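A structural walkthrough
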Amino acid sequence: MTNEKSAQYWANFYDARARRNTAGSFMRALGYHPADGEDYDGLFKRLFGHIEQSLDLDADHDVLDIACGYGVMTRLLGKRTAGAIGTDLTKVLLEKGAVLAQEEDLPQARGFLQANAVAQPFPDASFDRVLCYGMFFHLDRASAETVVAEVQRLLRPGGKALFGDVLHPGRMHYERSYLAKVPRPLYPVLNWALRLKTWMATASGRVVYQAYGPSYFKRRLLPGATCVTMEGMRDGRPNNKSRYDILITLAE
Ligand SMILES: C[S@@+](CC[C@H](N)C(=O)[O-])C[C@H]1O[C@@H](n2cnc3c(N)ncnc32)[C@H](O)[C@@H]1O
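Just so you know, these numbers come straight off a predicted model, no measurement behind them.

Another aspect to go through is the site of the ligand. Surveying the vicinity of the ligand reveals 18 residues, the closest of which are Tyr32, Ala67, Asp88, Thr90 and Tyr133. Separating an oxygen atom of the ligand from a side-chain N or O atom of Thr90 is a distance of 2.7 Å. At 2.8 Å, a backbone N or O of Ala117 approaches a nitrogen atom of the ligand. When atom positions are compared with the pocket grids, the ligand is found to occupy the largest cavity. Partitioned by chemical class, the residues of the shell around the ligand number twelve nonpolar, five polar and one charged.

Below is the structure:
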């Protein structure tokens, strides 16, 4: 299995959904699931509030959002800082991000560039803050280590990075749009079927779906990193609260 093959699989996966889906199901496909009684604006505000606080954002920070999707967080980061750049594999998402930034008249969203997370097209020490949200489960272990090294290379002294990812190995967060249509009693059956499907794709070497638990992050990838676990499951179903965040800081 190569990172390139798996990266291509995921780029096509998101590309197809971005072209096909309507606003709500598109956002669910990206992994955004509002909690009970919450709309998307509320969800983005809640998630961004958490990110803003964890990263300790400042108005003069230069920020990079790796695997930015269509830039939901990139644009919010841009509003709070000197500027934010988003990179991702998926062209359709990047184009959508650029259009939305233009519509919002937001020059601080400085650009949406196509790049694999393992090789970011910026010189060393280019950013004060780096966000990498909801992407690690797409990476094999070697790539995960490379991304962490990339982030450390890109951060300025005293910089901070926040990694957020799914908490429960094997849970189909991005499939929630399908699960939502299924009667409750069938939910566990379908969930297992989806896990089997993904396991088969992973075992056959076509694709990576690898949920890293917080302990793997803390022990193997980022020894000494701070881990903040957000709230878990709602009503037995996954939602966006069941992500966790790992914060790394570089020494001065
Ligand atoms: C679940 S979405 C999260 C998007 C965004 N961070 C957000 O929170 O809205 C995962 C994103 O990771 C991107 N992605 C997957 N593998 C990648 C890789 N190797 N390099 C860069 N982006 C990648 C996908 O294209 C997709 O946009």
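Attention now moves to unusual backbone geometry. Glycine aside, residues mostly have negative phi angles, and peptide bonds mostly take the trans form. Positive phi is not limited to glycine here, since Asp56 has a value of about 50°. Assignment of secondary structure puts Asp56 in the loop between α3 (40-55) and β1 (62-66). For Ala125, which is not glycine, the phi dihedral falls at a positive 50°. Taking the relative accessible area as the measure of exposure, Ala125 reaches 34% and is therefore partly exposed.

Time to look at a nonpolar patch on the surface. There is a patch of nonpolar side chains on the surface, built from Leu196, Trp199 and Met200 and spanning about 360 Å² of accessible area. Tracing the backbone shows Trp199 in helix α8 (residues 187-203). By relative accessible area, Trp199 is classed as exposed at 57%.

What follows is about empty space enclosed by the protein. Per the stated rule, a full pass over the model turns up two cavities of 30 Å³ or more. The volume enclosed by the largest cavity comes to roughly 440 Å³. Taken together, 33 residues form the lining of the largest cavity, with Ala67, Gly69, Asp88, Gly134 and Met135 sitting closest to its centre. Looking at the lining of the largest cavity, the elements with two or more residues in it are α1 (3-20), β1, α4 (72-80), β2 (83-88) and β4 (127-133).

Of all five residues in β1, five are buried, a share of seventy percent or more. Of the two faces of β1, the one carrying Asp62, Leu64 and Ile66 and the one carrying Val63 and Asp65 are both buried. Strand direction decides the pairing type here: β1 and β2, joined by five bridges, are parallel. Bridged to Ile66 within β2 is Thr87. With respect to chirality, the unit in which β1 leads through α4 into the neighbouring parallel β2 is right-handed. Of the strand pairs in this sheet, β1 and β4 are connected by four bridges, and their pairing is parallel.

Conventions we followed
- Residues numbered from 1 in each chain as written.
- Predicted model: local features only at pLDDT ≥ 70, side-chain atom pairs only at ≥ 80, totals over all residues.
- Heavy atoms only, no water.
- Near = heavy atom within 4 Å.
- Polar contact = N/O pair within 3.5 Å; in protein donor to acceptor, adjacent residues only side chain to side chain.
- 1 Å grid on protein atoms, 1.4 Å probe; cavity = no way out; pocket = protein on both sides within 12 Å on 5 of 7 lines; lining within 4 Å.
- Sits in = over half its atoms within 2 Å of the grid points.
- Nonpolar A, V, L, I, M, F, W, Y, C, P; charged D, E, K, R; others polar.
- Helix = DSSP H or I, 4+ residues; strand = E, 2+ residues; numbered from the N terminus.
- Buried < 20%, exposed > 50% of the residue type's maximum accessible area, 1.4 Å probe, protein only.
- Patch = residues over 30% accessible without salt bridge, like charges linked within 9 Å, V, L, I, M, F, W, Y side chains within 5 Å.
- Areas by Shrake-Rupley, 256 points an atom, 1.4 Å probe, with all protein chains shown as cover.
- Salt bridge = Lys/Arg side-chain N within 4 Å of Asp/Glu carboxyl O.
- Points joined across faces, edges and corners; volume = space filled by probe spheres on them.
- Pairing = 2+ DSSP bridges.
- Right-handed = clockwise from strand over helix to strand, strands pointing away.

All we've got here are geometric facts, nothing functional implied.
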